[in-house]
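Report on the structure
Residue strings, one per chain:
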Amino acid sequence: MTSPTFDLVIAANRLPVDKEVAEDGSIEWHRSPGGLVTAMESVMRGREAAWIGWSGDAGDPPEPFEENGMYLVPIGLSEDEVTNYYEGYSNDTLWPLYHDVIVPATFRRRWRSSYERLNQRFADAVSEVAAPGATVWLHDYQLQRVPSLLRAIRPDLRIGWFNHIPFPPVEIFMQLPGRETLLEGLLGADFLGFQVRADAANFREACRRLLRAPVKGDVVTAPDGRRVRAAAVPISIDVEELRELATSPETLQRAKEIRAEMGDPEVLLLGVDRLDYTKGIRHRLKAYGELLADGRLDPRKTRLVQIATPSRERLQAYRVLRGQIEQAVGRINGDHADFGDTPVVYMRRSFPKEEMAAIYAAADVALVTPLRDGMNLVAKEFVTCARDDAALVLSEFAGAAGELKRAYLCNPHDVDRLKQTITAAIDAPADERRKRMRSMRRAVLANDVHHWAEAFLASLQAAPELPAEESAR
Ligand code: ADQ
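To keep things clear, this report deals only with the structure shown in the data block.

Procedures and definitions
- Residues numbered from 1 in each chain as written.
- Predicted model: local features only at pLDDT ≥ 70, side-chain atom pairs only at ≥ 80, totals over all residues.
- Heavy atoms only, no water.
- Near = heavy atom within 4 Å.
- Polar contact = N/O pair within 3.5 Å; in protein donor to acceptor, adjacent residues only side chain to side chain.
- Areas by Shrake-Rupley, 256 points an atom, 1.4 Å probe, with all protein chains shown as cover.
- Helix = DSSP H or I, 4+ residues; strand = E, 2+ residues; numbered from the N terminus.
- Nonpolar A, V, L, I, M, F, W, Y, C, P; charged D, E, K, R; others polar.
- Salt bridge = Lys/Arg side-chain N within 4 Å of Asp/Glu carboxyl O.
- Phe/Tyr/Trp six-rings, centres within 6.5 Å; stacked < 30°, edge-to-face > 60°.
- Buried < 20%, exposed > 50% of the residue type's maximum accessible area, 1.4 Å probe, protein only.

**A short note on the site of the ligand**
Around the ligand, the surrounding shell holds 24 residues, and the nearest of these are His-164, Thr-309, Asp-373, Leu-377 and Glu-381. Contact between the ligand and Gly-374: an oxygen atom at 3.1 Å from a main-chain N or O atom of the residue. Here Glu-381 contributes a side-chain N or O atom positioned 2.5 Å from an oxygen atom of the ligand. Here the ligand has 710 Å² of accessible area as a free molecule, and 92% of this is covered by the chains. At the level of secondary structure, the elements contributing two or more residues to the shell around the ligand comprise helix H1 (35-44), strand S13 (267-274), strand S14 (302-309), helix H12 (353-362) and helix H13 (377-385). Here the shell around the ligand takes 3 residues from H13, the largest share from any one element. Of the residues assigned to the shell around the ligand, the class counts are 10 nonpolar, 9 polar and 5 charged.

**Observations concerning the pattern of salt bridges**
In total, this model carries 41 salt bridges according to the counting rule given. Between Asp-273 and Arg-284 there is a salt bridge whose closest N-O contact spans 2.7 Å. Of this pair, Asp-273 sits in strand S13 while Arg-284 sits in helix H10 (residues 281-293), and the two are 11 residues apart along the sequence. Connected through salt bridges with shared partners, the residues Glu-171, Glu-205, Arg-208 and Arg-209 form a single ionic network.

**Some details on the packing of aromatic side chains**
Within this structure, the stated rule accounts for 20 aromatic pairs. Residues Trp-137 and Trp-452 carry aromatic rings whose centres are separated by 5.1 Å and whose planes lie at 50° to one another, so their mutual orientation is tilted. Linking Trp-137 in strand S7 (residues 130-139) with Trp-452 in helix H16 (residues 449-462), this pair joins segments that are 315 residues apart in sequence. You'll find Trp-137 and Trp-452 in the same group, each marked buried. On the basis of an interplanar angle of 65° and a centroid distance of 5.4 Å, the ring pair of Phe-191 and Phe-456 is categorised as edge-to-face. One end of the pair, Phe-191, is in strand S9 (residues 191-194); the other, Phe-456, is in helix H16, with 265 residues separating them in the sequence.

See the structure below:
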């Protein structure tokens with residue numbers, strides 16, 4: 001049977017749904033949590049499109065199926081490919097390398113060949129469902145070889161790629177064995193989108209230095225003479241939908257209950273992260289523990305709610321991190337807890353978005369302190385849901401810091417300064433916090449997820465030139 005074809009094809013490492021097997025053995029698919037899905041959901045709505053990605057299980061893939069009006073094409077990964085392409089090359093080579101080698105990157109030759117094979121499989125699957133001249137939107141660091149592999153079989157397609165994570169400075173990128181292949185892979189696209197300008201500039205510099213490719217403004221000339229634009233298109237969230245949820249009477253009531261259940265603390269601090277070493281959770285806990293020990297924060301009147309979604313638990317670095325975090329939480333609570341007073345409320349699970357909105361609305365100060373982060377949607381979600389006089393402490397190393405300039409910005413590596421920034425946010429007059437929050441809300445409103453998707457697609461259509469809207473600015 002030939003498959004249907006589409007004018008818009010999305011490909012990402014994962015499908016936007018997770019499989020759940022019900023008690024009677026029937027299979028159900030549920031929308032997956034996480035940044036990419038949150039962002040793309042609103043882009044796909046109302047469009048006929050196909051999405052290609054891995055279902056999350058090893059073994060033969062299920063047949064393509066429709067879900068929520070989207071045609072989903074599962075890609076199969078064997079156990080070996082999960083180990084080599086996904087956990088190995090994607091998450092143990094590229095992820096740490098692209099996040100400033102916070103933990104060392106591991107290089108293994110067999111991981112690389114598995115990555116190449118999987119990227120070919122993705123390219124073949126896209127080619128199968130793409131209508132003549134279709135637009136293809138590829139996502140993220142797991143698919144950097146797909147643009148050129150796809151162009152080789154389907155030169156009629158318009159190919160765009162968006163990087164959700166940082167692109168490292170060339171001095172770090174250079175460590176990667178076979179680094180040129182990734183750059184050449186990406187240069188198969190018409191347009192390459194990055195979270196912030198510095199990432200796009202790092203990519204262009206890598207092309208200039210390592211491929212001797214001519215670079216003019218945003219445009220790189222590929223080895224085959226095609227011109228490829230690499231520019232920033234910062235991702236965002238569905239502001240309107242989330243704001244509506246956050247300001248509903250039910251959410252506001254739930255926010256009150258959450259505070260009451262914790263004994264109505266004077267200061268409620270909040271951290272929400274995937275359990276990942278890039279997120280700076282350890283540094284945050286260290287700062288908080290010291291503030292309690294120094295007597296700058298009162299353990300009876302302060303709570304830190306730390307929500308940490310389990311992530312990549314088969315990788316050693318993630319297991320180590322989880323142990324360290326749980327030890328730090330245990331130490332802080334051991335030192336400072338009292339009957340009825342638990343200074344750190346640590347929850348290692350996912351919450352539905354209604355509950356997340358209520359938690360954001362309940363908090364006084366959000367601590368978004370990654371050591372390196374492409375964007376960080378939690379910062380934008382908090383700004384959208386928070387009370388007017390709440391405050392955001394934000395790492396300078398999150399892409400979001402480029403837009404949320406009125407946050408309490410900090411360098412999370414500098415624990416003393418991090419402590420000062422946290423107390424400055426807590427102690428600031430309500431009026432100052434309100435002014436900052438208003439300014440950050442305007443920034444988030446000016447670039448919501450619909451604007452992001454339109455800007456990406458417009459850049460892709462216009463590439464290698466600027467789209468009309470951008471050039472008019
Ligand atoms: P992530 O590293 O996953 O994304 P982030 O941008 O913070 O990071 O997105 C996390 C998402 O998961 C948010 O929407 C958040 O609400 C949700 N989430 C986290 N913990 C949760 C929990 N316990 N329960 C429910 N929801 C939870 C990658 C990059 C980022 C980039 C995004 C999007 O690393 O830098 O911002 O992609 O491009």
